[in-house]
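Summary of the model geometry
So you can see what is in the structure, the chains are spelled out below.
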Amino acid sequence: MPMPLWWGHVNKRIFNPMSIRRGSYPVLTHVGRTSGRAYRTPLDAFPVPGGYLFILVYGSRSDWVRNVLATGHARLHADGKDIDLTAPRIVGRDEAFPDLPDNAKRAPRLLRITEFLRMDTAGTQPSG
């Protein structure tokens, strides 16, 4: 069961700007599906073969996920590099867990998260 969306709205307006200023998380830049505006969202991004995996703490209905799915791409700033990502798709636990590092599996287990977002690095073929 993902976190409630209302908490995501609080996070988006209060904690995300602080995280971006601190530089403590990778930041995903994506375009609003209706506004066309660029947004920056701090997230845990886990490198996997051919791309990155994101734990959907608020589920697939959160704005950033819907934006990425609608546009089909985003840019991740992680470890001092900008990485273009494409081919976003929702994957389940069975596909996500083998690629997650052990220390990243605890929260999804405790919160019973069943949805993850997988994206490919631009220029690589989708896996699976």
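Owing to the predicted nature of the structure, the values given are computational and were not obtained by experimental measurement. (Residues numbered from 1 in each chain as written. Predicted model: local features only at pLDDT ≥ 70, side-chain atom pairs only at ≥ 80, totals over all residues. Heavy atoms only, no water.)

Regarding the packing of aromatic side chains
Between two aromatic rings, the relevant description is the distance of the centres plus the angle of the planes. Summed over the entire model, instances satisfying the criterion amount to two aromatic pairs. Note on Phe54 and Trp64: the rings are 5.9 Å apart at their centroids and 70° apart in plane angle, and the pair reads as edge-to-face. Within this pair, whereas Phe54 is found in strand E4 (residues 51-55), its partner Trp64 is found in helix H2 (residues 63-71), the two being separated by ten residues in sequence. The class for Phe54 is buried, based on a relative accessible area of 0%. Relative to Phe116, the ring of Phe97 has its centre 6.0 Å away and its plane inclined at 80°; by these criteria the two rings are edge-to-face. With a gap of 19 residues between them, Phe97 in the loop between helix H3 (93-96) and helix H4 (106-110) and Phe116 in strand E7 (residues 116-121) connect regions that are remote in the sequence. Judged by its relative accessible area of 0%, Phe116 is buried. (Phe/Tyr/Trp six-rings, centres within 6.5 Å; stacked < 30°, edge-to-face > 60°. Helix = DSSP H or I, 4+ residues; strand = E, 2+ residues; numbered from the N terminus. Buried < 20%, exposed > 50% of the residue type's maximum accessible area, 1.4 Å probe, protein only.)

A look at the pattern of salt bridges
Enumeration over the complete set of coordinates arrives at five salt bridges. Across the pair Asp99 and Arg118 runs a salt bridge, and its minimum N-O distance is 3.1 Å. One end of the pair, Asp99, is in the loop between H3 and H4; the other, Arg118, is in strand E7, with 19 residues separating them in the sequence. Among the residues examined, Arg118 registers a relative accessible area of 4% and is labelled buried. The partner of Asp102 in a salt bridge is Lys105, and the shortest N-O contact between them spans 3.4 Å. By relative accessible area, which is 64% here, Asp102 ends up exposed. (Salt bridge = Lys/Arg side-chain N within 4 Å of Asp/Glu carboxyl O.)

Some words on the sheet that holds strand E5 (residues 73-78)
In spatial order, the strands read E2-E1-E5-E6-E7-E4-E3; together these seven strands make up an open sheet with antiparallel pairing. Two strands lie at the open edges of the sheet, namely strand E2 (38-42) and strand E3 (46-48), each paired on one side alone. Taken pair by pair, the neighbouring strands of this sheet meet at an average axis angle of 35°, ignoring direction. Both strand E1 (residues 27-31) and E2 contribute to a ladder of five bridges, which runs antiparallel. Note that in E2 the partner of Val31 across the bridge is Ala38. Of the strands in this sheet, E1, E2, E4, E5, strand E6 (81-91) and E7 are in contact with H2, which crosses E1 at around 60°. (Pairing = 2+ DSSP bridges. Axes fitted to C-alpha atoms, helices over the stretch in contact; angles between N-to-C directions. Contact = heavy atoms within 4.5 Å.)

A look at the nonpolar core
Buried together is how nonpolar side chains tend to be arranged in soluble globular proteins. The biggest cluster of nonpolar side chains holds 16 residues, and the ones touching the most others in it are Leu28, Phe54, Trp64, Leu76 and Leu85. Elements represented by at least two residues in this core include exactly E4, H2, E5, E6 and E7. When neighbours within four sequence positions are excluded, Leu76 is seen to be in contact with Pro26, Val27, Leu28, Ala45, Tyr52, Phe54, Lys81, Asp82, Ile83 and Leu85. If you look at the next biggest cluster of nonpolar residues, it comprises eleven residues, including Ile55, Val91, Phe97 and Phe116. (Core = buried A, V, L, I, M, F, W, Y, C linked by side-chain atoms within 4.5 Å.)

The quantities given are spatial measurements derived from coordinates; they are silent on function.
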